[in-house]
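Listed here are the chains, written in short residue letters.
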Amino acid sequence: MAEAGIKYIPSNTFSYYDQVLDNTSMLGAAPPRYGWNGGEIGFDVYFSMARGNASMPAMEMTKWFDTNYHYIVPELGPDVKFFYASHKAVDEFKEAKALKVDTAPVLIGPVPCVLLVAIKTN
């Protein structure tokens with residue numbers, strides 16, 4: 001790839017649902033109603049936030065700025081605590097590094113994160 005002028009390959013580009021939800025999970029910003037109590041956010045909580053479950057509806061979904069791409073809207077409120085709760089981006093980086101592939105992890109930056117959230121007061 002170096003011969004083609006490609007210096008870095010992006011990593012953390014795959015998502016099971018959407019990259020905003022991945023970012024929300026990485027930051028441990030799961031709303032308390034989904035019953036997450038720390039540790040790594042597993043698929044049960046991840047997909048409950050995305051699609052809902054038998055006792056809880058999904059989080060709100062809206063369009064990414066003015067595109068036709070939809071994402072799960074992160075919620076911030078007094079009960080939401082931040083923790084490093086998903087190692088997906090780091091795990092993918094390490095996996096590529098073990099294969100001797102240099103990657104540049106793709107993350108949603110802090111400004112879009114703040115612009116995309118829904119503020120919940122209770």
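Position numbers for residues count from 1 along each chain, tracking the sequence in the order it is written. Totals for whole chains, interfaces and linings use all residues, but because this is a predicted model, local features are given only for residues with pLDDT of at least 70 and pairs of side-chain atoms are given and counted only at 80 or more. Hydrogens and waters are ignored; side-chain quantities use all the structure's heavy atoms.

(A) Looking closely at the environment of Met 59. By definition, any uninterrupted DSSP run of H or I lasting at least four residues is a helix, any uninterrupted run of E lasting at least two residues is a strand, and each is numbered from the N terminus. Its location among the elements puts Met 59 in the loop between helix H2 (43–51) and strand E2 (61–63). With a relative accessible area of 4%, Met 59 lands in the buried category. Spatially, the C-alpha atom of Met 59 lies 16 Å from that of Tyr 69, the residues being 10 residues apart in sequence. Burial here depends on accessible area, computed with a 1.4 Å probe over protein chains only, as a share of the maximum for the residue type. Under 20% is buried, over 50% is exposed, and the range in between is partly exposed.

(B) Layout of the environment of Ser 15. Structurally, Ser 15 is set in the loop between strand E1 (9–11) and helix H1 (19–26). Expressed as a C-alpha distance, the spacing of Ser 15 and Lys 88, which sit 73 residues apart in the sequence, is 9.5 Å. Excluding residues within four positions of it along the chain, Ser 15 makes contact with Asp 22, Tyr 46 and Lys 88. In protein, a polar contact means a hydrogen-donor-capable atom and an acceptor-capable atom, both N or O and within 3.5 Å, with residues adjacent in sequence counting only if both atoms are side-chain atoms; elsewhere, any N or O pair within 3.5 Å suffices. At 3.0 Å, the side chain of Ser 15 and the backbone nitrogen of Asp 18 are in polar contact. A polar contact of 3.4 Å, which involves the side chain of Ser 15, links it to the side chain of Tyr 46. We call two residues contacting when some pair of their heavy atoms lies within 4.5 Å.

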